[in-house]
Amino acid sequence: IGDVDGDGVNDIVVANESNSFSSASDPDKHISVLIGSTEVLSSTELNNVTFVSNTAAIHSREADETASTLLLFADVESGDGVLQRLDYEFLQLTEFENKLLATVQLKDTTSRPGELQLLLIDAPEFDDETGDLLPVAAEDLTRSSSLRVTASVDDVLFVSGDRIYLTAEVVGAGIGSELLTFDRQSGLRLVADLLAGADSSEVRDFVAAGDNVYFT
């Protein structure tokens with residue numbers, strides 16, 4: 001079902017006699033299955049914490065822990081108004097500005113169904129008295145963007161320095177899924193229609209080398 005425990009190896013998950021879950025390749029390694037679909041779409045590591053996601057949720061797990069924790073999200077101010085957690089699905093995860101960056105797709109409950117937003121997620125914090133995980137805040141980096149884009153789980157998210165690279169389809173442009181970039185100064189913009197016309201260029205395999213970023 002994917003790399004659930006974040007060790008780089010796809011996992012087959014089985015229930016043991018105590019009804020907890022463990023990796024079939026290592027029965028002593030207990031793991032948590034993501035709520036909703038069990039397919040892991042994306043994972044990344046930040047400050048010794050591994051984050052894994054499917055469309056429905058993001059879980060976190062510290063390096064010395066075996067169990068994972070479901071992240072709860074506060075409402076987000078966006079270009080579509082206030083977004084509640086059930087208004088969007090997760091696509092890809094990575095790190096940006098020492099925070100967790102996620103591409104999310106708006107659901108039919110919003111005025112812009114299918115459109116992509118870039119959410120920069122604060123580090124999880126716990127209540128000092130109860131120890132409970134507090135809802136994490138998130139900033140919508142595309143909140144003021146005039147460029148409206150759609151994406152899918154097959155699109156790519158990559159970060160190099162202070163710039164985000166992603167593939168998405170610009171709404172109304174008729175050019176397919178192409179390469180876009182985001183930075184704090186210029187916002188979200190289309191790099192180029194690399195494959196002219198309605199077909200997608202299928203940009204992949206990003207590699208950063210110095211000040212340059214290469215891709216296929």
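Residues numbered from 1 in each chain as written. Predicted model: local features only at pLDDT ≥ 70, side-chain atom pairs only at ≥ 80, totals over all residues. Heavy atoms only, no water.

J.: Mind showing me how you'd approach the pattern of salt bridges here?
T.: Between side chains of opposite charge, a pair can form when the charged atoms approach closely. Scanning the entire structure with this criterion turns up six salt bridges. A salt bridge links R184 to E139, with the nearest nitrogen and oxygen atoms 2.8 Å apart. Linking R184 in the loop between strand 17 (177-183) and strand 18 (187-192) with E139 in strand 13 (residues 138-140), this pair joins segments that are 45 residues apart in sequence. Since its relative accessible area comes to 44%, R184 is described here as partly exposed. Here E139 falls in the partly exposed class, since its relative accessible area comes to 35%. (Salt bridge = Lys/Arg side-chain N within 4 Å of Asp/Glu carboxyl O. Helix = DSSP H or I, 4+ residues; strand = E, 2+ residues; numbered from the N terminus. Buried < 20%, exposed > 50% of the residue type's maximum accessible area, 1.4 Å probe, protein only.)

J.: Would you take a moment to explain the sheet that holds strand 4 (residues 42-46) for this structure?
T.: Strand pairing in a sheet is mediated by backbone hydrogen bonds. Such pairs are either parallel or antiparallel. If you trace the four strands from one edge of the open sheet to the other, you get 4-5-6-7, paired in antiparallel fashion. Taken across any chain shown, the strands that pair with only one partner, and hence form the sheet edges, are strand 4 and strand 7 (69-70). Sheet analysis places strand 6 (residues 58-62) next to strand 7, joined by two bridges and oriented antiparallel. Across the sheet, H59 pairs through a bridge with L70, a residue of strand 7. (Pairing = 2+ DSSP bridges.)

J.: Explain the nonpolar core to me, please; I cannot follow it from the model alone.
T.: Generally speaking, a soluble globular protein has its nonpolar side chains buried in company with each other. Counting residues in each nonpolar core, the largest one holds 20 residues, and the members touching the most others are F51, I58, F73, Y88, F90, L100 and I121. Here this core takes four residues from strand 11 (residues 99-106), the largest share from any one element. Residues within four places of F90 in sequence aside, it is in contact with L41, N54, T55, A56, A57, I58, F73, R85, A102, T103 and V104. Among the nonpolar cores identified, the runner-up in size contains 18 residues, and L116, L120, I164 and L166 belong to it. (Core = buried A, V, L, I, M, F, W, Y, C linked by side-chain atoms within 4.5 Å. Contact = heavy atoms within 4.5 Å.)

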